[in-house]
Amino acid sequence: MKCLTLLPFLLLLIGCNGKEIENIPQVASISCDSTTLEVIPDGQLCEDADNPFVCDVIVIDETQFIDADAYRWSPDICALEIDDNILFTNGVRTSAWKVVERGHYIAQKRVFSSCDISIEHATYLCQKNEVICVSFLNDLLGRDTLTLELRTVVQDHSSQGKRNIISLYQDRTNSPVRNFWLRHFIGSGYYEQIWQTSHQSITLNGIVYNDVIEYDYGEHIHAVPDYRYYVQKDVGILGFEVEDTLWLRE
């Protein structure tokens with residue numbers, strides 16, 4: 001099985017500042033072997049000549065591969081295998097995210113971009129993008145599977161520039177609905193929005209961490225109690241918070 005993505009809704013949160021910076025050990029960035037990847041189409045044809053709301057169809061011939069620098073947001077994603085565990089601690093307690101699924105493939109898809117003439121008209125961007133993803137289960141987070149994903153996409157028909165994205169999302173069991181979706185465009189500056197914040201630094205348990213994305217998922221969407229997730233550059237999944245209890249990666 002493959003970890004296939006759906007169209008996301010963006011969810012974004014609050015910022016925080018620290019007083020001193022801890023030097024986090026960096027894990028060397030690695031690129032996964034991309035020489036013999038399966039191509040998985042989304043089943044949608046590029047041609048749609050009979051649709052009056054399609055103003056253009058652009059075929060991007062070159063496959064868009066993940067840049068080496070993007071792997072810094074999850075440097076161990078290539079090495080994780082089924083039944084591996086990422087361990088988190090809270091005091092003397094330990095909790096594990098267990099790998100239950102992984103995938104690495106080329107997604108052939110049709111992406112929509114608004115036309116210059118009207119937002120009601122669309123340009124089809126037909127493209128092939130590298131995707132690598134790992135799915136986890138954790139007892140504290142229920143029976144729904146969490147997925148960490150790196151991928152590429154071309155979204156703008158004008159520039160046709162590739163973007164690298166890191167995502168963390170949770171699929172709702174037996175439902176096409178997604179509980180949440182943390183989606184960060186790699187290379188974006190630091191920012192604060194409604195549910196997701198990109199921190200230059202953040203203090204967790206009295207320690208300051210650099211380059212962290214924080215996502216807050218709680219009452220303002222569907223869930224009680226609140227959950228928080230943290231993804232750090234050069235580390236990957238840094239920690240998560242359930243019922244005001246913070247679990248940080250070992």
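Residues numbered from 1 in each chain as written. Predicted model: local features only at pLDDT ≥ 70, side-chain atom pairs only at ≥ 80, totals over all residues. Heavy atoms only, no water.

Peer 1: Looking at this structure, I do not really get the pairing of strand 12 (residues 227-232). What am I missing?
Peer 2: Working note: regular strand, side chains alternate between the two faces of the sheet. In terms of burial, strand 12 is largely enclosed, as 5 of its 6 residues are buried. Here strand 11 (residues 207-217) runs beside strand 12; their pairing, made up of 6 bridges, is antiparallel. Bridge pairing in strand 12 places isoleucine 213 opposite valine 231. Note that strand 12 and strand 13 (residues 236-242) share 6 bridges and pair antiparallel. Note on strand 13: the bridge partner recorded for glutamine 232 is glycine 236. Between the end of strand 12 and the start of strand 13, which pair antiparallel, lie 3 residues, with aspartate 234 showing a positive phi angle near 75°. (Buried < 20%, exposed > 50% of the residue type's maximum accessible area, 1.4 Å probe, protein only. Helix = DSSP H or I, 4+ residues; strand = E, 2+ residues; numbered from the N terminus. Pairing = 2+ DSSP bridges.)

Peer 1: Help me understand the pairing of strand 10 (residues 196-204), please; the structure alone is not making it clear to me.
Peer 2: Counted residue by residue, strand 10 has 7 buried out of 9 residues, so it is predominantly covered. Looking at chain direction, strand 9 (residues 191-192) and strand 10 are connected through 2 bridges and run antiparallel. Bridge pairing links tyrosine 191 to serine 198 in strand 10. The loop that links strand 9 with its antiparallel partner strand 10 comprises 3 residues. Two elements, strand 10 and strand 11, share 8 bridges in a ladder whose sense is antiparallel. Looking at strand 11, one finds that histidine 199 is bridged to valine 212. In sequence, strand 10 turns back onto strand 11 through a hairpin of 2 residues, with asparagine 205 there showing a positive phi of about 55°.

Peer 1: Just checking my understanding: could you explain unusual backbone geometry for this structure?
Peer 2: Both trends apply: most residues other than glycine have a negative phi, and most peptide bonds are in trans. A positive phi angle is found at asparagine 174, which is not glycine, with a value near 55°. With respect to the helices and strands, asparagine 174 occurs in the loop between strand 7 (162-171) and strand 8 (178-185). Positive phi, close to 75°, is recorded for aspartate 234, a residue that is not glycine. Examined against the element boundaries, aspartate 234 turns out to sit in the loop between strand 12 and strand 13.

Peer 1: Honestly, the pattern of salt bridges in this entry has me stumped. Any pointers?
Peer 2: Two side chains bearing opposite charge may form a pair once their charged atoms approach each other closely. Scanning all chains against the criterion turns up 10 salt bridges. Residue arginine 228 is joined to glutamate 214 by a salt bridge in which the shortest nitrogen-to-oxygen separation is 3.4 Å. Here arginine 228, found in strand 12, pairs with glutamate 214, found in strand 11; they are 14 residues apart in sequence, far enough to count as distant. A salt bridge links arginine 228 to glutamate 241; the shortest N-O distance between them is 3.7 Å. (Salt bridge = Lys/Arg side-chain N within 4 Å of Asp/Glu carboxyl O.)

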